[in-house]
Amino acid sequence: MTKQTIAIACDHGALALKSHIAAYLQNKGYEILDLGVNGTESVDYPDYGYKLAHILKDGQATRGILMCGSGIGISIAANRFPEIRAALVHDVTCARLAREHNDANVIVFGGRMIGPDLCEECVNTFLNTDFEGGRHQRRVDKLSNPPR
Ligand code: RB5
């Protein structure tokens, strides 16, 4: 089986959590595409949300993980792309529902909001839960085509 490629990115508000989760997933056998940031300098979260969105859009990774201080800014950034369904989660139930109901392809965390153990659990759930389809498919399709 080929390794699943997971893209991961954050701003300075979540560097420690991003490094933890990247190493955790690497140890579990995933291919990790680390898009930064890799230092503690203050950066702009939209740049990292957009970077990851392009990687998914171009098919270079199947799933993404984004983090900023609260998780809010970087999820807003990623969700500006119709191909991206980024879910900001704080617990395992929402990580599961983000997959089952929303077919989320990106999970988002606040580095100042969640600890590493719970984050690991949420990531595992996100990576191992299938989309339920059915009635949810119609709703998810509508997300890609907002009325203008
Ligand atoms: C950076 O200080 C902070 O604003 C950012 O990480 C994030 O929380 C924005 O939504």
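The rules we used
- Residues numbered from 1 in each chain as written.
- Predicted model: local features only at pLDDT ≥ 70, side-chain atom pairs only at ≥ 80, totals over all residues.
- Heavy atoms only, no water.
- Axes fitted to C-alpha atoms, helices over the stretch in contact; angles between N-to-C directions.
- Helix = DSSP H or I, 4+ residues; strand = E, 2+ residues; numbered from the N terminus.
- Parallel < 35°, antiparallel > 145°, perpendicular 65-115°, else oblique.
- Left-handed = near helix turned anticlockwise from the far one by under 90°.
- Contact = heavy atoms within 4.5 Å.
- Nonpolar A, V, L, I, M, F, W, Y, C, P; charged D, E, K, R; others polar.
- Core = buried A, V, L, I, M, F, W, Y, C linked by side-chain atoms within 4.5 Å.
- Buried < 20%, exposed > 50% of the residue type's maximum accessible area, 1.4 Å probe, protein only.
- Expected span 1.5 Å × (residues − 1).

A. Region of the structure containing the packing of helix 4 (residues 92-100) against helix 5 (residues 116-128). Contact geometry for helix 4 and helix 5: axes closest at 8 Å, N-to-C directions at 20°. One way to sum up the angle between helix 4 and helix 5 is to call them roughly parallel. At the point where helix 4 passes helix 5, the crossing takes the right-handed sense. Contact with helix 4, carried on its side by Val 92, Ala 95, Arg 96 and Arg 99, involves Leu 118, Glu 121, Cys 122, Thr 125 and Phe 126 of helix 5 and no other residues of that element. Here the contact of helix 4 with helix 5 is built from residues that sort into five nonpolar, one polar and three charged.

B. The nonpolar core, seen in detail. Ranked by size, the top nonpolar core spans 47 residues in total, and within it Ile 21, Leu 25, Ile 65, Met 67 and Phe 109 carry the most contacts. In terms of residues, this core owes the most to one element, helix 1 (residues 15-27), which gives six residues. Excluding residues that lie within four positions of it along the chain, Ile 65 makes contacts with Ile 6, Ala 7, Ile 8, Ala 9, Ile 21, Leu 25, Leu 52, Val 106, Ile 107, Phe 109 and Val 123.

C. Molecular detail of helix 2 (residues 45-57). Between its first and last C-alpha, helix 2 extends 18 Å over 13 residues, near the 18 Å set by a 1.5 Å rise per residue. Those residues of helix 2 that are buried lie in contact with strand 1 (5-10), strand 2 (31-34), strand 3 (63-68), helix 3 (72-78) and strand 5 (106-110). Just downstream of helix 2, Gly 59 is the residue with a positive phi angle, here 80°.

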